[in-house]
Amino acid sequence: MNIKIGAKIKALRKRDDITQEQLAESLGVSNQAISRWESESGYPDIEYITPLANLFNVTIDYLFDHDTAEKRRRIEDYLTQFSKRKYEEPYPGNEQIELMRRALAEFPAEESLLINLAEALYWKWISNGLYWTSNERNGPDVEKNKSFGCWEESVKIMEGLLATSTDDIIRGQCRYNLATIYGAIGEKEKLLAVAEQCGTLYNSKEHILARASLGEDGIKSKQELVGLLPHILQNILITRPDLPENANTDTEIEKYDFLIRFWKFIYRGDYGVYNEQVAALYNCYARILYETKPEEAVEAFEQSFVFAKMQDELAGVEAEKTYTSPYLNRIKYKLENFPSRRRVCDLLKWLKNDKYQSLRENERFAAMVKEAEAWVAERG
């Protein structure tokens, strides 16, 4: 799109009989900056767009001369690109961040783009190793978590959206991610403040609908709530918050065994978009089993491989599907909305870890490593 914001600024300035010097003084920039904008040799930074619109009493869209339909199409195109790239690697990276920066240069203050930029920055920060620099009992390694970078900009964007957005979904996403960041950097008061803005689990949307809806709507609402339970339990139990100091490997094995059986009970083997989450669960389970039960660890690694491959094979399927589990058979999903995170690549890194050198003499394990290597090579 050929952006002519400079021409708009010049026309509006002349309309209101304002000199370049007066406009520069109002915005706190140099006369040269105004001249560059109007000559189209440079663009205003995002922070000046809203003040310019307010000063001339026009909308941001008017400044950018956006056709509403074209604007929506362009934004949707950016969002589609972001979604497709989002899980090409285990975590969003610089490519996704730069994509959203380009989008926001064209559509400043667009909330759907801002939340995507904040999320990409958040996941880049997470990928630096957040989960490995926190201790459940002694608290987070605050200084190390702060040193990773990216979180500051992500927080600034989400705090701004939380203060101005009226979109409940965006606000909910901001609260969820902000809570993680606040906890990791030791901002307990901010964590509590953002948590206080949320309803309790008992008063959640899912529970209210499951409890109050009747007929077919009620069945579907109950199934949606049931489908969430394995995720909630896994997020909490995986960090072993209430286990005694002397918790041993057997206790850990029991925990993972329970979580796997619970997933199986609810989903009945049809995990749909959550194949990769089950693959990750089996991966963690295998690493715990390895300490005392190496043969069973191989079997758990195999299960992780099965579901990781399934996620890769199903990713991007456009057809709408319905879970076959009797507990979830009213719930539909599209696998294209949950693209693969290349879980096989992640698993292969674990399989080739020197820690599991002794397992390489196991024929099943060696065959699995070979198959995983071929699988990754085939898919580039």
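Every value quoted in this text rests on a predicted model; they were computed, and no experiment measured them.

*Asks:* Would you mind going over the nonpolar core with me for this structure?
*Replies:* Most often, soluble globular proteins have nonpolar side chains that are buried together. In terms of nonpolar packing, the biggest core is built from 43 residues, with Tyr285, Phe301, Leu351 and Phe365 touching the most fellow members. Secondary-structure elements contributing two or more residues to this core are α15 (249-267), α16 (275-289), α17 (294-314), α18 (343-351) and α19 (363-378). Core analysis: the next-biggest nonpolar cluster, separate from the first, contains 37 residues, Leu79, Ala120, Trp123 and Val194 among them.

*Asks:* For this particular structure, what's the right way to read the environment of arginine 360?
*Replies:* Tracing the chain through its elements places arginine 360 in the loop between α18 and α19. Residues in contact with arginine 360, not counting those within four places in the same chain, are Leu351, Lys352, Asn353, Asp354, Phe365 and Ala366. Within polar-contact distance, the side chain of arginine 360 engages the backbone oxygen of lysine 352 at 2.5 Å.

*Asks:* How should α15 be read in this particular structure?
*Replies:* Residues that lie three or four places apart on an α-helix share one face, since the helix turns once every 3.6 residues. Over its 19 residues, α15 runs 27 Å from end to end, which matches the ideal 27 Å to within 8%, given 1.5 Å per residue. For α15, the elements touching its buried residues are α14 (215-237) and α16. Phi for arginine 268, located one or two positions after α15, is positive at around 55 degrees.

*Asks:* Looking at this model, I keep getting lost on the packing of aromatic side chains. Mind explaining?
*Replies:* Given two aromatic rings, one states the distance between the centres and the angle between the planes to describe the pair. Scanning all chains against the criterion turns up 19 aromatic pairs. Aromatic side chains phenylalanine 258 and phenylalanine 262 sit 5.9 Å apart centroid to centroid with 15 degrees between the ring planes, which places their arrangement in the stacked category. Residue phenylalanine 258 and its partner phenylalanine 262 are both found in helix α15; the two are separated by 4 residues, about one turn of the helix. Overall, phenylalanine 262 belongs to the buried group, its relative accessible area being 17%. Relative to tyrosine 267, the ring of tryptophan 263 has its centre 5.1 Å away and its plane inclined at 25 degrees; by these criteria the two rings are stacked. Separated by 4 residues within a single helix, tryptophan 263 and tyrosine 267 lie in helix α15, roughly one turn from each other.

*Asks:* What exactly am I supposed to notice about a nonpolar patch on the surface here?
*Replies:* There is a patch of nonpolar side chains on the surface, built from Leu201, Leu228, Leu229, Ile232 and Ile236 and spanning about 410 Å² of accessible area. With a relative accessible area of 34%, isoleucine 232 lands in the partly exposed category.

The rules behind the values
Residues numbered from 1 in each chain as written. Predicted model: local features only at pLDDT ≥ 70, side-chain atom pairs only at ≥ 80, totals over all residues. Heavy atoms only, no water. Core = buried A, V, L, I, M, F, W, Y, C linked by side-chain atoms within 4.5 Å. Buried < 20%, exposed > 50% of the residue type's maximum accessible area, 1.4 Å probe, protein only. Helix = DSSP H or I, 4+ residues; strand = E, 2+ residues; numbered from the N terminus. Contact = heavy atoms within 4.5 Å. Polar contact = N/O pair within 3.5 Å; in protein donor to acceptor, adjacent residues only side chain to side chain. Expected span 1.5 Å × (residues − 1). Phe/Tyr/Trp six-rings, centres within 6.5 Å; stacked < 30°, edge-to-face > 60°. Patch = residues over 30% accessible without salt bridge, like charges linked within 9 Å, V, L, I, M, F, W, Y side chains within 5 Å. Areas by Shrake-Rupley, 256 points an atom, 1.4 Å probe, with all protein chains shown as cover. Salt bridge = Lys/Arg side-chain N within 4 Å of Asp/Glu carboxyl O.

By themselves, these observations are geometric and do not establish any function.
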